[in-house]
Amino acid sequence: MSNITLHTLAARKQAGEKFSVLTAYDATFSHIISSAGIEMMLVGDSLGMVLQGHTSTLPVTVADMAYHTNAVARGNQGAMIMSDLPFMSYSTPEQCMLNAGLLMQAGAHIIKIEGAAWLAESIEKLSERGVPVCAHLGLTPQTVNLLGGYRVQGKDNASAMRMLEDAKRLENAGASMLLLECVPALLAEEITRNVEIPVIGIGAGPHTDAQVLVLHDMLGITPGRKPRFVKNFMADSDSIEDAIRRYAEAVKSGTFPSQEQSF
Ligand code: KIV
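As the structure is a prediction and not an experimental result, all values here were calculated from the model.

A closer look at helix α11 (residues 240–253)
Now for step 1: Taking 1.5 Å of rise per residue, 14 residues should cover 20 Å, and α11 covers 20 Å from first to last C-alpha, within 8% of that figure.
Now for step 2: The complete set of buried residues in α11 reads Asp242, Ala243, Ile244, Tyr247, Ala248, Ala250 and Val251.
Now for step 3: Tucked into the core, α11 has its buried residues touching β1 (19–23), α2 (27–35), β8 (210–213) and α10 (215–218).
Now for step 4: With its phi angle positive at about 80°, Gly254 sits one or two positions after the end of α11.

Here's what the structure looks like:
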């Protein structure tokens, strides 16, 4: 597979071809995932929960993210690598640029930040300086304490309209991608149609340009209750490679997520 770039993914959106994203945190899985036809790997701050055993993503540091980004970059076989800036590491545009620089130097091709219109200034500055940005809207786990839990966002008309406006504002500021987490499928479809940049969804229904899942969730090894939008692809597979390939195919063909896996 030749190297996937922003240009490749923008062209996929134009052509109406869906692409898949999976979290990766180490070199071995990076090699497996990027060899299995997954276009983008997300070094998510979910590593705070999945790898470190915390109850939220808040304790994750920039040093943690740089360490895991570096490992994923070493195993990569041509996928794009997106890395999360963790909690309180991008509160001002200056802090955001400094920390984004560290993740890009660790091997990221694009950084992801959670928030709404207040991110516009940082996105403008980063993109002017050559750092692509994905803006994460909807359920933003770093603000779980303010949101009062991990809940679906944009359910009423006013908050749905606000999210649509935020999406357009951040695209205009220079965001190269959007990620929508836990939003009603109809709202995610509306946002996807109203922006030109690719939109990745998780718990956002079948109409976004791409899907992302946490690796451990789709392998069925996350302890506890399975969120509605997760499918265990290991259930019908005899190897991890096969499960990941099935996930990529299901996203591409539009069979994942189903209506039952959407809000
Ligand atoms: O950190 C992460 O893994 C994420 C996904 C849940 C989208 O942000």
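A look at the side chain of Thr208
Now for step 1: Among the secondary structure elements, Thr208 is positioned in the loop between β7 (199–202) and β8.
Now for step 2: Judged by relative accessible area, Thr208 falls into the buried class, the value being 0%.
Now for step 3: Separated by 2.9 Å, the side chain of Thr208 and the backbone oxygen of Ala210 make a polar contact.
Now for step 4: There is a polar contact of 3.1 Å between the side chain of Thr208 and the side chain of Gln211.
Now for step 5: Setting aside chain neighbours within four positions, we find Thr208 in contact with Lys18, Ala188, Thr192, Val199, Ile200 and Gly201.

Some points on the layout of surface pockets
Now for step 1: Computed from the structure, the largest pocket encloses a volume of approximately 980 Å³.
Now for step 2: Forming the boundary of the largest pocket are 40 residues, of which Glu181, Val214, Asp217, Pro227 and Phe229 lie nearest the centre.
Now for step 3: One number sums up the size of the second largest pocket: a volume of about 490 Å³.
Now for step 4: Contributing to the lining of the second largest pocket are 22 residues, with Gly115, Ala116, Gly138, Thr140 and Thr143 lying nearest its centre.
Now for step 5: Looking at the lining of the second largest pocket, the elements with two or more residues in it are β5 (133–138), α7 (144–147) and α8 (157–173).
Now for step 6: When residues in the lining of the second largest pocket are grouped by element, the largest group, four residues, is from α8.

Considerations on empty space enclosed by the protein
Now for step 1: For the structure on display, the rule yields one cavity of 30 Å³ or more.
Now for step 2: As a volume, the largest cavity reaches approximately 40 Å³.
Now for step 3: What lines the largest cavity is Gly201, Ile202, Gly203, Ala204, Gly205, Gln211, Val212, Leu213, Phe229, Phe256, Pro257 and Gln261.
Now for step 4: If you list the elements that add at least two residues to the lining of the largest cavity, you get β7 and β8.
Now for step 5: Here the lining of the largest cavity takes three residues from β8, the largest share from any one element.
Now for step 6: A breakdown of the residues in the lining of the largest cavity according to their chemical character gives seven nonpolar, five polar and no charged.

Definitions and limits used
- Residues numbered from 1 in each chain as written.
- Predicted model: local features only at pLDDT ≥ 70, side-chain atom pairs only at ≥ 80, totals over all residues.
- Heavy atoms only, no water.
- Helix = DSSP H or I, 4+ residues; strand = E, 2+ residues; numbered from the N terminus.
- Expected span 1.5 Å × (residues − 1).
- Buried < 20%, exposed > 50% of the residue type's maximum accessible area, 1.4 Å probe, protein only.
- Contact = heavy atoms within 4.5 Å.
- Polar contact = N/O pair within 3.5 Å; in protein donor to acceptor, adjacent residues only side chain to side chain.
- 1 Å grid on protein atoms, 1.4 Å probe; cavity = no way out; pocket = protein on both sides within 12 Å on 5 of 7 lines; lining within 4 Å.
- Points joined across faces, edges and corners; volume = space filled by probe spheres on them.
- Nonpolar A, V, L, I, M, F, W, Y, C, P; charged D, E, K, R; others polar.

None of the figures reported here should be taken as evidence of function without further support.
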